[in-house]
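Topology and contacts: notes
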Amino acid sequence: MLEQIIRGKVFPFGKNIDTDQIYPGRFVELTDTADVARHAMEGADPEFARLFSHGDIIVAASNFGCGSSREHAAITLKSVGAGAVIADSFGRIFYRNAVNIGLPVLVCKGLRDRVNKGDIISVRMDTGRVLNAGGETLGLLEPVSDYLLNILRAGGIKPLLRKQLASEKFA
Amino acid sequence: MHALEKILAEKAGKSSVTTGEIVNCTVDKAGINDLYLQTVRSFYEINATRVALPERVIMFMDHYAPASTSIQADNQKQFREFCRKQHTGWLMDVNEGVCHQVMADKGLSLPGELVVITDSHTTTHGAFGAFGTGVGATDMATILATGKLWLRVPDIIRITVEGNLPKGVYAKDVVLHIIGSLGADYGVYMGIEFAGPVVEGFSISERMALCNMSTEMGAKTAYIQPDAVTLAFLEGHASSGYAIMTTDSDFKYAEELRFDVSELTPRLAVPSSVDTVAPLQEYLNRPVDQAYLGSCTGGRLEDLAVAASILKGRRIAPHTRFLVVPSSKKVLLDAANTGILQTLVEAGATFVTPSCAACLGTHQGLLAAGETCISATNRNFPGRMGSTEADIFLASPASVAAAALEGKIVDPRAYL
């Protein structure tokens, strides 16, 4: 489900964080989410999975998730409980994968330069504002299309497809 | 409309589409790779029971060919069972090769088709005038269950490559130069058309390398307008009929870029990003521990042939490994039948079975910390081919072979 207010601690990353850094290729054979969660961001920061808490927020510069199509990259961040991933832009397959599994991926240009590791930020989905702990606006989210918002609100595409396939069965 | 837009419109059953529109398209070829068992999981998680259009589904056992752990073997076992149960069109097992090359070899990649594979380098199929795009496991499960996928109609840019490409400089050098100039995020979400006299002069093999690497600019898809070269390749080769799309003369590109390559020299993508590109000459004499020739980018017959021409009657440098991974069974057979295989093996090459092998750092030729690899593949991200403390230089197949010969980075033009 998509929360109206996403609040958490910032884990900042740079630009072009590729899927090999988010989830190294040698672990792609793992399929259980608990196993996949253990290797989150291992290629960029081996300490990440240990330090990251449920609800924390990844803030990155441009092209986050570029590279491979591995859905593991989205699954691992969802499985460690990322409240949202916010970046200047995303690799397109990672972006689709994240939306499909209900991981909020949000574009807020320049936010990365305005936050530091450990800052507490709030993302207001109703106003599209990203706020610091003092309530000051750090940036504005780029609007998400209704099509994608519908998928995110449902918690991913699977519940929607379940509904669609069930209705086709009884049509 | 652009040819790419016409493909989407036809697959969505519409007379026209516009940039930014979300369309639901029927997929012509749906390819699954063996490292994404999540595809099958997602299929059952959405309570799907039957694959909607099984004759369009192609299963590729390429990334783990053959399995090197029992977990990989089990993933492949579950895929084989799924294919049997669902009567999917094709099962390309561990003896076939890398999905994109297998598609080309078997005439499955066709103009005007929508090709969706769970591999990011599906942009390769633009070399045949198809709309090729990569997706993740759950998107593929959606295609399996419904036969369709939603796609946003992308902005389309045209990159015209002109001038006279010098000898010893290849499509790989051209595309590295373009990526280095524009950046790894330049083409995110976009369709990229390659055009101009240099592209028209490229073989199918080089066109595939060009379209393949457009992913490294973030592109959603790539496109080269089919011409006499495409038709000659498809003649007697295409697995079925096809319809070539053409771009309307009044189509407005989101951006038009031109690159003159007359003065271009061999390029390298230096560690650790594909858009950090430099002239190879800036890294002359840098020792290499491993030279790697293979993958959907640089493992075709032409790539092996140029390596053989450099290494014929010679031996690779001591303490240097030269891994050669033909991108498909056909490439391997052709290399055997033309003497290329013998030349390379006698020169000291280590042959690996046609597959993705070490390109994605799972098996068969990984790098140790502190090692340097020069590679004809597509990514040099940290840890891509093993240790995060290994350095990967991306280069043309000729540059890779010349480096294998000397045990260090050298200008390949001196050996041609």
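Residue indices follow the written sequence of each chain, beginning from 1 at its first position. Just so you know, chain letters begin at A and ligand numbers begin at 1, following the order they were written in. Local features in a predicted model are, by the rule used here, given only for residues with pLDDT of at least 70; side-chain atom pairs are given and counted only at 80 or more, and totals for whole chains, interfaces and linings are based on all residues. By convention in this description, side-chain values take in all heavy atoms of the structure and omit both hydrogens and water.

1. A closer look at the pattern of salt bridges
A carboxyl oxygen of Asp or Glu within 4 Å of a side-chain nitrogen of Lys or Arg is what we treat as a salt bridge. Applying the stated criterion across every chain yields a total of 28 salt bridges over all chains. Of the charged contacts, one joins A:Glu47 and A:Arg50 as a salt bridge, the two residues approaching to 2.3 Å between their closest N and O atoms. Two residues, B:Glu96 and B:Lys329, come together in a salt bridge whose shortest N-O distance is 3.3 Å. A residue pair is termed long-range when its members are at least 10 positions apart, and B:Glu96 in the loop between strand E4 (90-92) and helix H4 (99-105) and B:Lys329 in helix H12 (residues 329-337) qualify at 233 residues. Through salt bridges that share partners, B:Glu10, B:Lys11, B:Asp28 and B:Arg56 make up one connected network. Each helix corresponds to a stretch of at least 4 residues labelled H or I by DSSP, and each strand to a stretch of at least 2 residues labelled E; elements are numbered beginning at the N terminus.

2. A short note on the domain arrangement of chain B
All names here are of chain B. Along its sequence, chain B is organised into domain 1 (3-238 + 253-258) and domain 2 (268-415). Bear in mind that the domain bounds are from an automatic or database domain assignment. Domain 1 and domain 2 are separated by 24 Å when their C-alpha centres are compared. Contact between two residues is taken to exist if any of their heavy atoms lie within 4.5 Å; hydrogens are not considered. In this complex, domain 1 contributes 39 residues to the contact, which on the side of domain 2 involves 37 residues. The tally of links between domain 1 and domain 2 comes to 2 salt bridges. Listed by contribution, the elements that provide at least two residues to the side of domain 1 that touches domain 2 are H4, helix H6 (171-182) and helix H8 (204-213). Amino acids outside the nonpolar list (Ala, Val, Leu, Ile, Met, Phe, Trp, Tyr, Cys, Pro) and the charged list (Asp, Glu, Lys, Arg) are all regarded as polar, and Gly is one of them. Broken down by class, the residue content of the side of domain 1 that touches domain 2 amounts to 14 nonpolar, 17 polar and 8 charged.

3. Focus on the pairing of strand E1 (residues 22-26) of chain B
Consecutive side chains of a regular strand alternate in pointing toward one face of the sheet and then the other. Residues and elements named next belong to chain B. When a residue's accessible area, from a 1.4 Å probe over protein chains only, is under 20% of the maximum for its type it is buried; when over 50% it is exposed; and in between it is partly exposed. Covered by surrounding structure in E1 are Val23 and Cys25 only, the residues Ile22, Asn24 and Thr26 on the alternate face being uncovered. Where E1 lies against strand E7 (residues 148-152), 5 bridges are found, and the strand directions are antiparallel. Bridge pairing in E7 places threonine 26 opposite lysine 148. At least two bridges found by DSSP between two strands is the condition for calling them paired.

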